[in-house]
Structure formats: C-alpha cells, structure tokens
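# A structural walkthrough
Listed below are the residues making up each chain.
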Amino acid sequence: EKLALANSDLAVDIYRMAAQWCLNRNQPAQAAAFYEGALAVAPGRAGLLEELAEAQLAAGKKKEAAAIWEGIYAASSKEVGLRVRYANFLVKVGEEDQAIKMMREIAVERPEDASMRHWIADAYARAGQIAPAIKELADRNGVLIVIKDVIYELLDAVKGAMIERAPAEIRRAELGR
C-alpha cells in the first residue's frame, strides 16, 4: 500500500529503508515494490529509478532493469556520472563491449579521470579478455599502475567470468555442490 504521508521526503525515506531492508534479506522483488512506491510519491526523485533497476536486476528481471536504465540514459545521456553508472550496469548484464565503448568515450572526454581505466579493465576481465584488461592498467612503459587491491579485484572478476562460462559440471565442482 502507498504511504499517505504529508511529507513526501519522509515517505521516500521510509520506502527506501524498507527496500534496503528487503535487499539485505535477499528479497529483491519486495525491494522493487518499495522503490515503485517511492516513485509513486516522488516520480522525479534522483536515484530512485536506478535503485529500482538494481532491485529488478537482483530479482532476475534483466529486461525490466534494462528498460529502466535505457529510459534513464535517454533522459540524461550527457551526464558523465550517469553514463559511468549505466556502463557499469551494462557490464553486470553481460554487455561488456557496449560498456567498454561507452567508457572509452568518457575517458576521451575526461582524460584526467584515471578511474575510467579501472572500469574499462574490469569490463574486459568480466568478458574474459585478460590481455586487454592488463594493458588498460599499465602505463606507457608497461608498468602496472594500480595498487594490489585493484589487481585482486581484477583476478576475482576473471575467476567469476571463467566460472560463469564453464560447463555446469565444473561450476558445481568449483562451488562445492
């Protein structure tokens, strides 16, 4: 049911807290319903659509999440932060090539933003393309320019991509099932 509160900020906060509570308990479909309630109270509230899309994705509703993100992107495609978040969503849903293309465009526009190289490397790693991922994290002399935590993240992404692409029997063995 919709919260009938005079203060829409308070209503949105309550819906968000309820949604987060559901997400923390691995109930993404219920979380999505709370985000939809928040959007009914405050349709233009920044971030709510993104949060709804993430909940939909967590609930296994990839098409619904993608449709939400496409709408967000169509409305604000010039905002760099939103483009980075959209590219990260594309990586999550297996659209690494499109994400890498978008991130490269942002990197050209903002050459001072070194974090883009990390995101591009992560997208390559998730796509199972290890050499380009490592190249992305190297300076002009080929020396890795990242701290060990980023390298570990990269290795985790590679392992995850390999497990996802492995035959079911290998995945079961890897996961101990």
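The structure contained in this document is the topic of the report that follows. (Residues numbered from 1 in each chain as written. Predicted model: local features only at pLDDT ≥ 70, side-chain atom pairs only at ≥ 80, totals over all residues. Heavy atoms only, no water.)

## Things to note about a nonpolar patch on the surface
What counts here: Note that patches include only residues with greater than 30% relative accessible area and no salt bridge, and the join distances are 9 Å for like charges and 5 Å for nonpolar side chains (Val, Leu, Ile, Met, Phe, Trp, Tyr). The accessible surface values rely on the Shrake-Rupley method and a 1.4 Å probe; as for residues, cover is taken only from the protein chains in view. Criterion for a salt bridge: a side-chain nitrogen of Lys or Arg within 4 Å of a carboxyl oxygen of Asp or Glu. Helix and strand definitions follow DSSP, with helices as H or I runs of at least four residues and strands as E runs of at least two, each counted in order from the N terminus.
Together, L10, I14 and M17 make up a nonpolar patch on the protein surface, roughly 270 Å² of accessible area in all. Note on placement: M17 falls in helix α1 (residues 8-24).

## Description of the nonpolar core
To keep it simple, the criterion reads: Definition used in this section: a nonpolar core is a set of buried Ala, Val, Leu, Ile, Met, Phe, Trp, Tyr and Cys residues joined via side-chain atoms within 4.5 Å. Throughout, exposure labels follow a simple rule: accessible area from a 1.4 Å probe, protein chains only, divided by the maximum for the residue type, with under 20% read as buried, over 50% as exposed, and the rest as partly exposed. Only heavy atoms enter the contact rule, under which two residues are in contact if any of them lie within 4.5 Å.
Judged by nonpolar contacts, the single largest core of 42 residues is most densely connected at Y35, W69, F89 and M103. When residues of this core are traced back to their parent elements, those giving at least two are α1, α2 (28-41), α3 (48-58), α4 (62-76), α5 (80-92), α6 (96-109) and α7 (115-126). Take this core: its biggest share by element is 8 residues, from α5. Excluding its chain neighbours within four sequence positions, the residues that come into contact with F89 are E54, L57, A65, A66 and W69.

## Section: the packing of aromatic side chains
This is how the line gets drawn: Centres within 6.5 Å make a pair out of two Phe, Tyr or Trp rings, where for Trp the six-membered ring is used; the pair is then stacked when the planes are under 30 degrees apart, edge-to-face when over 60, and tilted otherwise.
Summed over the entire model, instances satisfying the criterion amount to 5 aromatic pairs. Through a chain of ring-to-ring contacts, the aromatic side chains of W69, Y73, Y86 and F89 assemble into a single cluster.

## Let's talk about the environment of A99
Considering the arrangement of structural elements, one finds A99 in helix α6. Overall, the relative accessible area of 0% leaves A99 in the buried class. Between the C-alpha atoms of A99 and N88, which are 11 residues apart in sequence, the distance is 6.9 Å. In contact with A99, other than residues within four places in its own chain, are A87, L90 and V91.

## A few points about the environment of A127
For A127, the location among the structural elements is in the loop between α7 and α8 (130-136). Between the C-alpha atoms of A127 and G94, which are 33 residues apart in sequence, the distance is 7.6 Å.

## Things to note about the pattern of salt bridges
Side chains bearing opposite charge may pair, as long as their charged atoms lie close to each other. Taken as a whole and judged by the stated rule, the model has 7 salt bridges. With its nearest N and O atoms 2.9 Å apart, the salt bridge here joins E51 to R16. One end of the pair, E51, is in helix α3; the other, R16, is in helix α1, with 35 residues separating them in the sequence. On the basis of relative accessibility, which here comes to 25%, the residue E51 falls in the partly exposed class. Its salt-bridge partner being E136, residue R104 comes within 2.6 Å of it at the nearest N-O pair. With a gap of 32 residues between them, R104 in helix α6 and E136 in helix α8 connect regions that are remote in the sequence. You can call E136 buried: its relative accessible area is 12%. A single network of salt bridges, built from pairs that share partners, joins E50, E79 and R85.

## Some words on α1
So the rule is basically this: A helix is expected to span 1.5 Å for every residue after the first. The arc in question is formed by the directions pointing from the helix axis toward the C-beta atoms.
For α1, with 17 residues, the first-to-last C-alpha span of 24 Å sits near the 24 Å given by 1.5 Å per residue. Of the residues making up α1, those classed as buried are A11, V12, Y15, A19 and C22. Looking straight down α1, one finds its buried side chains confined to an arc of 95°; they lie on one side. Seen from the open side of α1, the exposed residues pointing more than 90 degrees away from its buried face are M17 and N24. For α1, the secondary structure elements touched by its buried residues are α2 and α3. A positive phi of about 55° marks N26, the residue just after α1.

## Focus: the packing of α4 against α5
As a reminder of what qualifies: All axes here are fitted lines through C-alpha atoms, helices being fitted over the stretch that makes contact, and every angle between N-to-C directions spans 0 to 180 degrees. For classification purposes, an angle smaller than 35 degrees is called roughly parallel, one larger than 145 roughly antiparallel, one from 65 to 115 roughly perpendicular, and anything else oblique. Handedness of each helix crossing follows the sense of rotation of the near helix against the far helix: counterclockwise by less than a right angle gives left-handed, clockwise gives right-handed. In this classification, Asp, Glu, Lys and Arg are treated as charged, Ala, Val, Leu, Ile, Met, Phe, Trp, Tyr, Cys and Pro as nonpolar, and every other residue, Gly included, as polar.
Viewed as axis vectors pointing N to C, α4 and α5 meet at an angle of 160°, and their least axial separation amounts to 10 Å. The angle between α4 and α5 places the two elements in the roughly antiparallel class. α4 and α5 meet at a crossing whose hand is left-handed. Taken together, the residues of α5 that come into contact with α4 (itself represented by A65, A66, W69, E70, I72, Y73 and S76) are L82, R83, R85, Y86 and F89. A class-by-class count of the residues in the contact of α4 with α5 yields 8 nonpolar, 1 polar and 3 charged.

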